[in-house]
Amino acid sequence: MNTSFQDTDVSRYMKNQESITLEEQEMLWDAHVLVAGAGGLGGFLIEMLARAGIGRLTIVDGDCFELSNLNRQILALETTLGRSKAEIAGERVRAINNRIQCSLVPEFLSEETFFAHCTDVHLVADALGGLASHLALFHACRQAGLPLVTGSVAGWTGIAATVLPGSPGPELLWQGQDGEDAEKVLGSLAPVAALVASVQCTEIMRFLTGKQPALAGRLLVADLASMVFDVLEL
Amino acid sequence: MRIDVKCFATLRGFTPDGGQMDVVPPLTLSGLLEKLGVPEKEVRLVFVNGKNESHWSREVQADDRIGIFPPVGGG
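Residues numbered from 1 in each chain as written. Chains lettered and ligands numbered in written order. Predicted model: local features only at pLDDT ≥ 70, side-chain atom pairs only at ≥ 80, totals over all residues. Heavy atoms only, no water.

## Quick word on the interface of chain B and chain A
By a widespread convention, an interface's size corresponds to the accessible area lost as its parts come together.
Inference 1: Contact residues are listed per partner, giving 20 residues for chain B and 35 residues for chain A.
Inference 2: The junction of chain B with chain A conceals about 2100 Å² of combined surface from both sides, 64% of it contributed by carbon and sulfur atoms.
Inference 3: Broken down residue by residue, the surface that chain B buries against chain A is led by Arg 44, Val 72 and Gly 75 of chain B, which jointly contribute 27%.
Inference 4: Applying the counting rule to chain B against chain A returns three salt bridges.
Inference 5: Asp 230 of chain A is the salt-bridge partner of Arg 65 of chain B, the closest N and O atoms lying 2.8 Å from each other.
Inference 6: Our count for the chain B to chain A interface comes out at 18 residue pairs in polar contact (both at pLDDT 80 or more).
Inference 7: A class-by-class count of the residues in the side of chain B that touches chain A yields eight nonpolar, six polar and six charged. (Contact = heavy atoms within 4.5 Å. Buried area = accessible area lost by both parts, 1.4 Å probe. Salt bridge = Lys/Arg side-chain N within 4 Å of Asp/Glu carboxyl O. Polar contact = N/O pair within 3.5 Å; in protein donor to acceptor, adjacent residues only side chain to side chain. Nonpolar A, V, L, I, M, F, W, Y, C, P; charged D, E, K, R; others polar.)

In structure tokens, the structure reads:
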């Protein structure tokens, strides 16, 4: 399925070319990204990674769409309620580019599933919800020596960071019980999820094209309620 | 002395009016949290002038820019 870069891809990515060279576009096509979570962040992120031309995606999510997802999750539609998030994400990717090699894992990510599916992965995208899930994925990536591009949201606040092997991460933000998560009180909103996913996608594209991620060891913070944006050293 | 303070997410309501407050030195970061009324157990990260500060016994300086975060884990 994921054959080499083709002549038709030059037309497909024509509008990228002033920002992403053809050589870089081929680097994206040769890359394999594991996306953990296909919900609020994951839906937007998968959409952008597929359109960016990442050649191989492994999408892990054991959840199904429900009514309360419709406020923000781009893959949640009245027609997809009750269906597997991973399966719907796969359908979306194939509709964007049928040559993208897409492995779907309709299971909740555990240490076992992670290590079973991280072979040949170049980078992990954290689009999970819940403090414990973020923390577990962070530690698993540390153990596997894989770069992690993480994002999380609560109300009008969004954060994103890139954690390279050995570089500091925002793991302190995920300490505590899931009930203590600010998201449990504030919920999450489409513009914040889309913004954080955009930042994550950009970082992933930077890394996969050989550039230094702008957020390695740093935390981008966005508060859309006050339109305050900042990049902080971890 | 005057400092800038911004509290995020669930702690947003603890941000002083205009994002600035006058404090009397010496005042540690822990002391600042207490002064703001922010329960310390709800705080996960404190940034001072754009850098993560894990030592909350650090004294606040004039013109410091301080950001305070609770756990944020939504996806």
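## What about a nonpolar patch on the surface?
Residue and element names in this part refer to chain A.
Inference 1: There is a patch of nonpolar side chains on the surface, built from Leu 67, Leu 70 and Leu 81 and spanning about 250 Å² of accessible area.
Inference 2: Mapped onto the elements, Leu 70 comes out in the loop between β2 (56–60) and α4 (85–96).
Inference 3: The class for Leu 70 is partly exposed, based on a relative accessible area of 31%. (Patch = residues over 30% accessible without salt bridge, like charges linked within 9 Å, V, L, I, M, F, W, Y side chains within 5 Å. Areas by Shrake-Rupley, 256 points an atom, 1.4 Å probe, with all protein chains shown as cover. Helix = DSSP H or I, 4+ residues; strand = E, 2+ residues; numbered from the N terminus. Buried < 20%, exposed > 50% of the residue type's maximum accessible area, 1.4 Å probe, protein only.)

## Notes on the pattern of salt bridges
Residue and element names in this part refer to chain A.
Inference 1: Under the definition given, this model contains 14 salt bridges over all chains.
Inference 2: When the shortest N-O distance is used, the salt bridge between Asp 9 and Arg 12 registers 3.9 Å. Linking Asp 9 with Arg 12, this pair stays in helix α1 (residues 7–12), spanning three residues, or about one helical turn.
Inference 3: Two residues, Arg 51 and Glu 47, come together in a salt bridge whose shortest N-O distance is 2.8 Å. Note that Arg 51 and Glu 47 are positioned in helix α3 (residues 40–52) at a spacing of four residues, about one turn of the helix.
Inference 4: Using a relative accessible area of 11% as the deciding quantity, one classes Glu 47 as buried.

## Quick word on the nonpolar core
Inference 1: Counting residues in hydrophobic clusters, the biggest one holds 47 residues, and the most contacted among them are Val 33, Leu 49, Leu 57 and Ile 204 of chain A.
Inference 2: If near-sequence neighbours (up to four positions away) are discounted, Leu 49 of chain A is found in contact with Val 33, Val 35, Ile 54, Leu 57, Cys 201 and Ile 204 of chain A.
Inference 3: Val 121, Phe 138 and Ala 161 of chain A together with Leu 45 of chain B belong to the second-largest nonpolar core, a separate cluster that totals 30 residues. (Core = buried A, V, L, I, M, F, W, Y, C linked by side-chain atoms within 4.5 Å.)

## Quick notes on the pairing of strand β5 (residues 148–154) of chain A
Residues and elements named next belong to chain A.
Inference 1: Of all seven residues in β5, seven are buried; the element is thus mostly enclosed.
Inference 2: Here β5 shows two buried faces, one formed by Leu 148, Thr 150, Ser 152 and Ala 154 and the other by Val 149, Gly 151 and Val 153.
Inference 3: Taking the sense of rotation as the criterion, the β-α-β connection linking strand β4 (residues 123–126), helix α6 (residues 131–144) and β5 turns out right-handed.
Inference 4: As paired elements, β5 and strand β6 (residues 157–163) share seven bridges and run antiparallel to each other. When the bridges of β6 are listed, Val 153 appears paired with Gly 158. (Right-handed = clockwise from strand over helix to strand, strands pointing away. Pairing = 2+ DSSP bridges.)

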